[in-house]
Amino acid sequence: MRSSSPLPRMSRRGRVTVGVLIGVFVLFTLLGWGVQAWTDWLWFSEVDYTGVFTGVLVTRLVLFLAAAAAMAVIVGGNLWLAQRLRPRNRPHSPEQATLERYRMLLGPRLGLWTALAAAIVGLFAGLSAQSRWNQWLLFRNGGDFGVKDPEFGTDIGFYIFQLPFWRFLLGLGFTAVVLALIGSLAVHYLFGGVRLQGVGDRMTNAARAHLSSLVAVFVLLKAVAYVLDRRSMLLEYNDGVGVYGAGYSDINALLPAKEILAYISVVVAIAIIVFSNAWMRNLVWPGISLALLGVSAVAIGGIYPWAVQTFEVKPSARDKEAPYIERSIQATRASYGLDIAQHTPYAASNLTPPESLATDTSVVSNVRLLDPQLVSETYTQLQQVRGFYDFGPKLDIDRYTVDSQTQDYVVGVREINYSELTAQQSNWINRHTVYTHGYGVVAAPANRVVCGGQPYFVSGFLGDRAQESCSSPSDLIPASQPRIYYGERMSDSDYAIVGKPSEDANPAEFDRPAGESGEGRESYYTYTGEGGVEIGSFTRRLLYAIKEQEANFLLSEAVNDNSKLLYVRNARDRVEKVAPFLTLDGDPYPAIVDGRVQWIVDGYTTAATYPYAERVNLQQETTDELTGRGTIQLARENVNYIRNSVKATVDAYDGTVTLYEFDENDPVLKAWNKAFGGDLIKPRAEIPEALAAHFRYPADLFKVQRNLLTRFHVTSPGDFYSGQDFWQVPNVPDAPDSEVKQPPYYLYTQFPEQAAPTFQLTSAVTPNGRQNLAALISGSYQDGKPRLQVLELPDQTRVSGPVQVHQQMTNNANIRQQLNLLSSNQAQVQYGNLLSLPFGNGMLYVEPVYVKSNQTDAYPLLQKVLMSYGDGGSFVVLADNPTDGIKQLVEQGKRANAGNPPPATEEPPAGDDEPSATPSATPPAGDAPPLTGDLAAAANRVQAAITEVRAAQTSGDFERYGRALKELDEALTAFQQAQQAASGGGAQGGATPTGAPTPNG
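Residues numbered from 1 in each chain as written. Predicted model: local features only at pLDDT ≥ 70, side-chain atom pairs only at ≥ 80, totals over all residues. Heavy atoms only, no water.

1. What about the overall build of the protein chain?
The cut-off we apply is this: Counting from the N terminus, the helices are DSSP H or I runs at least four residues long and the strands are E runs at least two residues long. Each residue's exposure class comes from its accessible area (1.4 Å probe, protein chains only) as a fraction of the maximum for that residue type: buried when under 20%, exposed when over 50%, partly exposed otherwise. Here a residue-residue contact requires only that any non-hydrogen atoms of the pair lie within 4.5 Å. Reported accessibility uses the Shrake-Rupley method at a 1.4 Å probe radius. Residues are deemed covered only where the shown protein chains occlude them.
When helices and strands are tallied, the protein chain shows 26 helices and 34 strands. Looking at the protein chain residue by residue over its 1001 residues, the buried ones come to 53%. Here the contacts in the protein chain between residues at least 6 apart in sequence split such that 67% fall between residues at least 24 apart. In the form shown here, the protein chain has an accessible surface area of approximately 44700 Å², with 53% of it arising from carbon and sulfur atoms.

Written out as structure tokens, the structure is:
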């Protein structure tokens, strides 16, 4: 009698259908992988970085196969062993009768099921391992830092290069043992090696030996984990004092506890083997051993350290934790490069504008007026020429030497914005073969405006500029190749197909408008650069048709035998692809170097396992007002070590990517360079001087260092613990309630202790919880080396911080009048960067004021400059330009030195377009004494309300006019109350503010 098959048979048609579906799925999966790998190889061949492609691919493949094979052998081998150790005779019981059905089901194909389970486990293990390719490469190629950790005396290189991969291997080992144990237990139970019912032992000797051995291996791995945990303790957060690294209770209680637990784990592992198999041959004593290990872990590793922390450390934490706080301070300053910071006391005791302001040539003459965020719209409207050109939401700051004079310039690249193409221009042919590139780098001096507040353009012109009065008649920063095929605003879908079928064929790529002022005929061009992947053959066209899912690669006549495909055209993306081990700065910037437009991208090497160093999230630390508005937001990467080790360039014409070593002493970069053959990064000595002249201190690194310096400028453990001297980064001055941090700004200026004007990135910081100025932090390069300078003001300084200064300047009665006249329902006032400039042992503040009409396509124009000196409120002016502002400040200073303090409000200088405001703190009668105190403040409020009423009348905005009348009524009431109070006290009285309009105007 034939026994029935334990599995129902599938029909032949069903098996064929399933086979076809599986085959199609595998085919398309492999096809997709194959096309991606092939096109990646072609791209890396184009940029000449195939070593990166093969290095990463081979490493990932080897790790996948190694981890998959190891996991499959461990799990599959234990499943096979459990099946081989099954008992031949099983006692009869209802339990075994039930399991017999499953044995009949699985038995004939047990080898297949075992192999399938091992393969699935191996697949997931391999996928996990291949993602750790970067840890493996550092593990293989990392060296020493030359610095030892303060507790064990181990080189920092162990923590950076070795520890992460050891921890991964340990986790993989735990996973393998646990899965093997669970799987083996299931197989033993299925075949009767482990029983829950019946007479006799519940477990056979073979099953007990097998399972106890796996448990013993798990406990041994736990011993290894305790050993690694001892080192990992130096990376953990110390809640008691708010720093990273092991504290007093960790070192004196938890650290020895981990060592004791490691030894106990070894003893327990041996006990499990001995008691289970060689002596008593039962699970009672092994269970007791495991329980003791658990109790020891809780008591020794938990309760004892808690008791030390609670009863010994907390009552005297300042003294107990001092050595460990000092470790964290030193490690953090070293790992983030804060130890190069030069701290210089700056008294800022001069609160009166000095006469030297009028003759200064290092600070005042270089005051930056153009805000790269605000004038982007101005560049777009004045230099766009065609609607599809775009400069982006934020421009960049760089410096150039023109006519032997070095100064900073606001620069923007005229790129193609594909989202601005019209419907007719957006068809496939136009989008990818006609509109292929932008044209020109437009630059303007940062300290100069013309023609009613416009930038003075000196480069990037399209056509004849001889008749243009608002820009230079010639290109002062020329580019021999101004075409922009690779830029900052291009996405993955913005690929370009270039090349014409023959020499006689007409160029097809739109180049630029060729007539005067961008009008007239249009010029066309054919790309001649080395960049791009050749797609002339049918095979290449088919390949990219599949990749881009676009049939026009095969059908369109625009793709010919000489065609090249330009893709991955975003400069930052290109660097990220050839150097995937780098963290890239969020603000690439263009520079004209030897006539070529080069994108400069700062690359960082990072790590997260530097002992005792503060760990930060890069995304959180670098986010400010400019993030997402021309500055790319960084990924949520936690780091505690960072170096600006690489300066990368991308040629805007041919896409050439070059990686230059910038930090010659960074062990992490040396490890990466070694991992990819040793010549991936060009030595620093090969950096061209013309390129090095455009290097600038990277913004994201500076933000991280600035934020850390707000705490880690304090080097005394006791002071650090109290936190009294901590600083904070102020909010945006003109929107302090937004909780958005003020971004740092680039300046070409001279700070104290600097021999000459320097291009530097600067930021003001204030005391924690207060708004007065605490310090100025700047980052620059001196002789090619990074330099951080911290100008520290006294603790009790009277100098205001950025938020206070902006409020004091804009709330000045006379200045508020003029600002109200500038703004209406038809225009809005916008404030540029508030610059904090140390000068003459005092502080000079400069804030440009822009006005933007509400009309369509309007752009901001620089109309005024707010300036103050000293504490931010005593000497304040609103001038047409810095020169006039400095003159007014100096005059105020002279009057103050002569014993005549400046009036409560300052009249506008002669020649202003705005009408002169009546001084609000003087009574109308010439013989009456001047108003003072609360009465003067009330009079100022009345005068400001009067000015607002007049401005509202002029604007025709009835809603604004109503608000202004209400404010005037309240101001008059307040003035009368102040007048009565003054009269009652025997002070001056009778003064009445004049000039109030009636409600009818």
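2. Looking at the packing of aromatic side chains
We apply this condition: Between rings of Phe, Tyr and Trp, where Trp is taken as its six-membered ring, a pair exists when centres lie within 6.5 Å; planes separated by under 30 degrees are stacked, by over 60 edge-to-face, and by other angles tilted. As a reminder, the over-ring test applies to NZ of lysine and CZ of arginine, requiring each to be within 6 Å of the ring centre and within 35 degrees of the ring normal.
Following the criterion strictly, the structure yields 42 aromatic pairs and no others. Centre to centre, the rings of F165 and F168 are 5.9 Å apart; their planes meet at 45°, and the pair counts as tilted. Within this pair, F165 and its partner F168 are both found in helix α6 (residues 156-190), separated by three residues, close to a single helical turn. Of the two residues examined, F165 and F168, each falls in the buried class. Taking 5.8 Å as the distance between ring centres and 35° as the angle between the ring planes, the aromatic pair formed by Y697 and Y781 counts as tilted. A residue pair is termed long-range when its members are at least 10 positions apart, and Y697 in the loop between α19 (689-692) and α20 (699-712) and Y781 in strand β28 (residues 775-782) qualify at 84 residues. Cation over ring: R448 sits above Y456, and NZ or CZ is 3.8 Å from the ring centre.

3. Quick look at the state of the cysteines
Note the threshold: Counting rule for disulfides: a pair of cysteine sulfur atoms within 2.5 Å.
What the rule picks out here adds up to one disulfide. In this model C451 forms its disulfide with C470; the gap between the sulfur atoms is 1.8 Å. One quick way to see it: the torsion about the S-S bond of C451 and C470 is about -105°, and its sign makes the bridge left-handed. Residue C451 is found in the loop between β10 (449-450) and β11 (454-455), and its partner C470 is found in the loop between β11 and β12 (483-484); the two are separated by 19 residues along the sequence. A residue is classified by how much of its surface remains accessible, and C451, at 34% relative accessible area, is partly exposed. Looking at C470, the relative accessible area reads 14%, which means it is buried.

4. Observations regarding the sheet that holds strand β5 (residues 396-402)
Applicable threshold: Criterion used throughout: strands pair if DSSP finds at least two bridges between them. For helices, the axis comes from a line fit to the C-alpha atoms of the stretch in contact; other axes are also lines fit to C-alpha atoms, and the angle between any two N-to-C directions lies between 0 and 180 degrees.
Strand order in the open sheet made by the three strands is β5-β6-β9, with antiparallel pairing throughout. The open sheet has two free edges, formed respectively by β5 and β9 (441-445), since each of these has just one partner strand. For this sheet, the mean angle separating the axes of adjacent strands, direction not counted, is 45°. In the packing of helix α12 (residues 375-383) onto the sheet, the strands contacted are β6 (405-413) and β9, and the crossing angle to β9 comes to about 120°.

5. So, a nonpolar patch on the surface
This is how it is decided: The patches reported here contain residues having more than 30% relative accessible area and no salt bridge. Joining distances are 9 Å for like charges and 5 Å for nonpolar side chains (Val, Leu, Ile, Met, Phe, Trp, Tyr). Note on definitions: salt bridges are taken to be side-chain nitrogens of Lys or Arg within 4 Å of carboxyl oxygens of Asp or Glu.
A surface patch of nonpolar side chains, about 650 Å² in accessible area, is lined by V18, I22, F25, V26, L30 and W33. On the basis of relative accessible area, V26 is assigned to the partly exposed category, the value being 38%.

6. Some remarks on the nonpolar core
For the record, the criterion: Put simply, a nonpolar core is a bunch of buried Ala, Val, Leu, Ile, Met, Phe, Trp, Tyr and Cys residues held in one set by side-chain atoms that sit within 4.5 Å of each other.
By size, the foremost hydrophobic cluster in this structure holds 199 residues, and its most contacted members are Y49, Y379, Y544, F553, L659, F676 and L844. At 14 residues, α6 tops the list of elements feeding residues into this core. Among residues more than four places away in sequence, those in contact with L844 are L357, V364, L835, S836, L837, M867, S868, Y869, I886 and L889. Counting 26 residues, the second largest nonpolar core, distinct from the first, contains L791, V799, I815 and M843.

7. With respect to the sheet that holds strand β13 (residues 496-498)
A sheet is described by the order of its strands in space; here three strands give the open sequence β13-β17-β16, paired in antiparallel fashion. In the strand order of this sheet, the two ends are held by β13 and β16 (533-534), each with one partner. The pairing of β16 with strand β17 (residues 564-566) spans two bridges and is antiparallel. Across the sheet, E534 pairs through a bridge with K564, a residue of β17.

8. Details of the side chain of K703
As for its position among the elements, K703 is in helix α20. Filtering out sequence-adjacent residues up to four positions away, K703 remains in contact with E621, T622, D624 and P744.

9. So, unusual backbone geometry
Its identity is not glycine, yet D48 carries a phi of approximately 65°, on the positive side. Positive phi, normally seen in glycine, also occurs at D403, with a value near 55°. Structurally, the position occupied by D403 is in the loop between β5 and β6. What makes D403 exposed here is its relative accessible area of 71%.

10. Brief notes about the pattern of salt bridges
Going through the model one piece at a time under the given rule, you end up with 29 salt bridges. A salt bridge links K577 to D40, with the shortest nitrogen-to-oxygen separation between them at 3.4 Å. Taken together, the residues span a long stretch of sequence, with K577 in helix α16 (residues 571-578) and D40 in helix α1 (residues 12-47) at a distance of 537 residues. Between D871 and R798 there is a salt bridge, and its shortest N-O distance comes to 3.5 Å. You can see D871 sitting in the loop between β33 (861-869) and β34 (875-879) and its partner R798 sitting in the loop between β29 (785-792) and α22 (802-811), a full 73 residues away along the chain. Taken together, the salt bridges that share partners define one network made up of K394, D396, D587 and R696.

11. Notes on the pairing of strand β14 (residues 509-513)
One face of the sheet, then the other: side chains in a regular strand alternate in exactly this way. Judged by how many residues are buried, β14 sits mostly within the fold: four of five residues are covered. For β14 and strand β15 (residues 522-525), the ladder comprises four bridges, and the chain directions are antiparallel. The residue of β15 that forms the bridge with F510 is Y524.

12. Observations regarding the environment of P698
Among the structural elements, P698 can be located in the loop between α19 and α20. Excluding its chain neighbours within four sequence positions, the residues that come into contact with P698 are D585, D602, Y604, N644, K647, Y746, L761 and Y781.

13. Points about the side chain of S778
Applicable threshold: We define a polar contact as two N or O atoms separated by no more than 3.5 Å, with the added condition that, inside protein, one atom must be a possible hydrogen donor and the other a possible acceptor, whereas residues neighbouring each other in sequence contribute only through side-chain atom pairs.
Considering the arrangement of structural elements, one finds S778 in strand β28. Look at S778 and you get buried, because its relative accessible area is 1%. Among the polar contacts made by the side chain of S778, one reaches the side chain of Q760 at a distance of 3.3 Å. Among residues more than four places away in sequence, those in contact with S778 are F702, F751, Q754, Q760, L761, T762, R787, L788 and Q789.

14. Quick look at the packing of α6 against helix α7 (residues 205-232)
Which entries qualify depends on this criterion: Orientation categories follow fixed angle ranges, with anything under 35 degrees roughly parallel, anything over 145 roughly antiparallel, 65 to 115 roughly perpendicular, and all other angles oblique. Left-handed describes a crossing whose near helix is turned anticlockwise from the far helix through less than a right angle; right-handed describes the clockwise counterpart. Note on residue classes: Ala, Val, Leu, Ile, Met, Phe, Trp, Tyr, Cys and Pro are nonpolar, Asp, Glu, Lys and Arg are charged, and everything else, Gly too, is polar.
The interhelical angle for the contact between α6 and α7, taken along N-to-C directions, is 160°, at an axis separation of 10 Å. When the interaxial angle is binned, α6 and α7 end up roughly antiparallel. Between α6 and α7 lies a crossing whose hand is left-handed. Residues that form the contact of α6 with α7 fall into these classes: 21 nonpolar, five polar and three charged.

15. Quick notes on α16
As a reminder of what qualifies: Here the arc refers to the set of directions running from the helix axis out to each C-beta atom.
Considered for burial, the residues of α16 that qualify are A571, R572, R574, V575 and V578. Down the axis of α16, the buried set is contained in an arc of 160°. They therefore lie on one face.

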